[in-house]
Structure formats: structure tokens, C-alpha cells
Amino acid sequence: MKQLIKIFTFALLMSIGFASQTQAQVDVSVNPIGLLFGNLSVSGDFVLSDKFSVEGQVGFGTGNDLQLDYFSLPVTVFGKYYFNPDDPAEKFYADAFLRFIARNYTAEDGATNVAEYTQTRLGFGFGIGYKVVGSSGIVFDIGFGVGRAITDKTTFETEGDQIEVDWPKLMFAGKLGIGYRFGGK
């Protein structure tokens, strides 16, 4: 998992370097609410034309609260179509997304695991959002989407007994991003 984050960070930095040398535009943002709870979510939105962009978003969450260990790794790719932008890739948009999520919760009682919940999901969906890009390059992006899981493996294990959990096929993709636009005019 750490390798995936390193690869994504390297690709993001390379994209920023490329954007600063060309007329390409890349909006890099973080989710400030996730940071309050120890979850890091970083995204790079690559502007392909005035009305279309492709965004890659990676999140990482981990924690140990009382006797519960938590790990989460969501990865999402958005294709965004902008309606009537004043500048490239801004204002109201509709999107399609592909989302992968891996989660693991482990409850411990002293030195032994009492229960473990594991979830791996892959799904797609559609959403809407709104992006504002200031004259200084500051980006604010908010969006929400809903979709369906294509694959879903959710298990709950306690005291050696493993149970397959029938989880609803509904998936959500949210976005609250504050960042900066690199490159461009």
C-alpha cells in the first residue's frame, strides 16, 4: 500500500513539473475534512479541454481508536464534463467515476484479535459537482456521486468463524477539495 502512495505521489509531482513547462493545466487538491480525522485524500485533475478533465484521487486512512485498528485505501478516477465554463474546467460539471475501495477493521482484546471486518469493492457511477478557480490559481471543488458496485467482497470473522456479508451494491463518491491550479495560460 505504501508503494501505491509513493507511485501516485511521484506521478503527481511529474505531472506538476510537466504542466509548469507546457500550457497543460493540473489542479492538485486535498480534502481538508479528511485531514481533521487523520485521513489523507489527494487528487490531481488534468484539464484536457475547456469542457473536459480527468481526475485521479487516492485516499489513505489508518487509525487505532481504543481497541479498534482501521485501514482504508480508496482510489477513484473521474471523467468530468463542464457545462458553460468561463475558464477551462470550471463551474458546474457532471462526471462518471470508477472507484476501488479496500477497508479493514480489526477489534482487539488485549493481545488477541476478537473480530475482523474486511471489504474490497469496485464500482462505477455518475455525479455532479461545482469547481471554482480563483484568479490566483486557488481551486475549490465540491461534488457528489452515486453508483453501483460491480464486485464486492465483504467478510466478517470472529473467533475463527468467517461470514460473507451481503452488503448493498450502492456506492458513493464524494469530493471536497481545496488546492491550486498549475500550468495553463
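Just so it is clear, the model here is predicted, and its values are computed rather than measured.

Thresholds applied
Residues numbered from 1 in each chain as written. Predicted model: local features only at pLDDT ≥ 70, side-chain atom pairs only at ≥ 80, totals over all residues. Heavy atoms only, no water. Helix = DSSP H or I, 4+ residues; strand = E, 2+ residues; numbered from the N terminus. Buried < 20%, exposed > 50% of the residue type's maximum accessible area, 1.4 Å probe, protein only. Contact = heavy atoms within 4.5 Å. Areas by Shrake-Rupley, 256 points an atom, 1.4 Å probe, with all protein chains shown as cover. Pairing = 2+ DSSP bridges. Polar contact = N/O pair within 3.5 Å; in protein donor to acceptor, adjacent residues only side chain to side chain. pLDDT = per-residue confidence, 0-100. Lys, Arg positive; Asp, Glu negative; His and termini not counted. Salt bridge = Lys/Arg side-chain N within 4 Å of Asp/Glu carboxyl O.

1. Re the overall build of the protein
Next, step 1: The helix and strand inventory of the protein stands at two helices and nine strands.
Next, step 2: Across the 185 residues in the protein, those meeting the buried criterion constitute 37%.
Next, step 3: Intrachain contacts of the protein at a sequence separation of at least 6 include 58% that bridge at least 24 residues.
Next, step 4: In the structure as shown, the protein presents an accessible area of about 10,600 Å², 65% of it carried by carbon and sulfur atoms.

2. Considerations on the pairing of strand β1 (residues 25-30)
Next, step 1: Within β1, five of the six residues are buried, which leaves it mostly tucked inside the rest of the structure.
Next, step 2: As defined by bridge partners, β1 adjoins strand β2 (residues 39-49) across six bridges and the pair is classed as antiparallel. Each bridged residue has a counterpart across the sheet, and for V30 the counterpart in β2 is V42.

3. Quick notes on the environment of R121
Next, step 1: Here R121 shows up in strand β6 (residues 112-133).
Next, step 2: On the basis of relative accessible area, R121 is assigned to the buried category, the value being 5%.
Next, step 3: The spacing of R121 and I101 is 20 residues in sequence and 5.2 Å in space, taken between C-alpha atoms.
Next, step 4: Aside from chain neighbours lying at most four places away, what touches R121 is R99, F100, I101, A149, T151, D152, W167, P168, K169, L170 and M171.
Next, step 5: Within polar-contact distance, the side chain of R121 engages the side chain of D152 at 3.2 Å.

4. Focus on the confidence of the model for the protein
Next, step 1: Per-residue confidence for the protein gives a mean pLDDT of 84, with 84% of residues at or over 70.
Next, step 2: Averaged over each element, pLDDT in the protein is lowest for helix α1 (residues 2-21) (51) and highest for β1 (94).
Next, step 3: Here residues 18-22 scores under 50 on pLDDT; set against residues more than four positions off or in separate chains, the count is six contacts.

5. Things to note about the side chain of D152
Next, step 1: The topology assignment puts D152 in strand β7 (residues 138-158).
Next, step 2: Only 2.7 Å separates the side chain of D152 from the side chain of T154, close enough to count as a polar contact.

6. Here we look at the side chain of D95
Next, step 1: Assignment of secondary structure puts D95 in strand β5 (residues 91-109).
Next, step 2: Despite its burial, D95 pairs with no opposite charge, the nearest such side chain being K80 at 6.1 Å.
Next, step 3: Those residues within four positions of D95 in sequence are excluded, and the remaining contacts are F78, G79, K80, G125, F126, G127 and I128.

7. Re the pairing of strand β3 (residues 52-65)
Next, step 1: Bridge count between β2 and β3: ten bridges; the pairing is antiparallel. Residue pairing in the sheet places G44 in a bridge with G56 of β3.
Next, step 2: Two elements, β3 and strand β4 (residues 68-82), share twelve bridges in a ladder whose sense is antiparallel. Bridge pairing in β4 places D65 opposite L68.

8. Some remarks on unusual backbone geometry
Next, step 1: With a phi angle near 50 degrees, N84 is a residue other than glycine that sits in the positive phi range.
Next, step 2: For N84, the position within the fold is in the loop between β4 and β5.
Next, step 3: If you check the backbone angles, K91 has positive phi at about 80 degrees while not being a glycine.
Next, step 4: Relative to the helices and strands, K91 resides in strand β5.
Next, step 5: K91 gets classed as partly exposed once you look at its relative accessible area, which sits at 26%.

9. A few points about the environment of G134
Next, step 1: With respect to the helices, strands and loops of the structure, G134 is situated in the loop between β6 and β7.
Next, step 2: Along the backbone, G134 and Y180 are 46 residues apart, and their C-alpha atoms lie at a distance of 9.2 Å.

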